[in-house]
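Overview (structure and organization)
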Amino acid sequence: QVQLVESGGGLVQPGGSLRLSCAVSGSIRSLYEMGWYRQAPGKQRDLVASITSGGNTNYADTVKGRFTISRDNAKNTVYLHMNSLKLEDTAVYYCNADATGWDRTLYDLWGQGTQVTVSS
């Protein structure tokens, strides 16, 4: 079974940093665009950042200059480096990835979510 396994959330003070990781578990043929979304209580799930297999990135305006998305294609892993964290960054962060299996099955994968809490 193919799935995404996230790690790295936690509690941090305003201005602090965290790094989230998300790895593909299981055998896949190809891994395409990967991204991070977040959902705060009572709000919709929004894109934070995405990265293509070629390394092209896209960021939400609210995190530009503070967050960096990267990936290790050899490890089928995507990272989100979060700096200068603000109270409003508090949310559950979800990893997402598009992939194909060896049987050509298309996957739209989601991680289980990891809580990021920014609080003094």
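Look a little higher up for the structure.
First, a word on what this report is: a plain description of the structure on this page. (Residues numbered from 1 in each chain as written. Predicted model: local features only at pLDDT ≥ 70, side-chain atom pairs only at ≥ 80, totals over all residues. Heavy atoms only, no water.)

Here the focus is the nonpolar core. By size, the foremost hydrophobic cluster in this structure holds 31 residues, and its most contacted members are Trp36, Leu80, Met82 and Tyr93. Those elements giving two or more residues to this core turn out to be strand E3 (18-25), strand E4 (30-39), strand E5 (46-51), strand E7 (67-72), strand E8 (77-82), strand E9 (91-100) and strand E11 (114-118). If you tally residues by element for this core, the top one is E9, at five residues. (Core = buried A, V, L, I, M, F, W, Y, C linked by side-chain atoms within 4.5 Å. Buried < 20%, exposed > 50% of the residue type's maximum accessible area, 1.4 Å probe, protein only. Helix = DSSP H or I, 4+ residues; strand = E, 2+ residues; numbered from the N terminus.)

The strand order E1-E3-E8-E7 describes an open sheet built from four strands, whose pairing is antiparallel. Both edges of this open sheet fall to strand E1 (3-7) and E7, since each of them pairs with a single strand only. For this sheet, the mean inter-axis angle between neighbouring strands, taken without regard to orientation, is 15°. (Pairing = 2+ DSSP bridges. Axes fitted to C-alpha atoms, helices over the stretch in contact; angles between N-to-C directions.)

On to the pairing of E3. With five bridges joining them, E1 and E3 adopt antiparallel strand pairing. Along E3, the bridge assignment pairs Leu4 with Val24. Relative to E8, E3 runs antiparallel, the two sharing six bridges. Paired with Leu20 across the bridge in E8 is Leu80.

Within the element layout of this structure, Arg66 appears in the loop between strand E6 (57-59) and E7. For Arg66, the side chain forms a polar contact with the side chain of Asp89, separated by 2.7 Å. Setting aside residues no more than four positions away along its own chain, Arg66 makes contact with His81, Met82, Asn83, Ser84, Leu85, Lys86 and Asp89. (Polar contact = N/O pair within 3.5 Å; in protein donor to acceptor, adjacent residues only side chain to side chain. Contact = heavy atoms within 4.5 Å.)

On to the pattern of salt bridges. Taken as a whole, this structure holds three salt bridges when the rule is applied. With a shortest N-O distance of 2.9 Å, Arg38 and Asp89 are connected by a salt bridge. Residue Arg38 is found in strand E4, and its partner Asp89 is found in the loop between E8 and E9; the two are separated by 51 residues along the sequence. Relative accessible area serves as the criterion here: at 14%, Arg38 is assigned to the buried category. Notably, a salt bridge pairs Lys64 with Asp61, separated by 3.1 Å at the nearest N-O pair. Sharing partners across several salt bridges, the network here consists of Arg38, Arg66 and Asp89. (Salt bridge = Lys/Arg side-chain N within 4 Å of Asp/Glu carboxyl O.)

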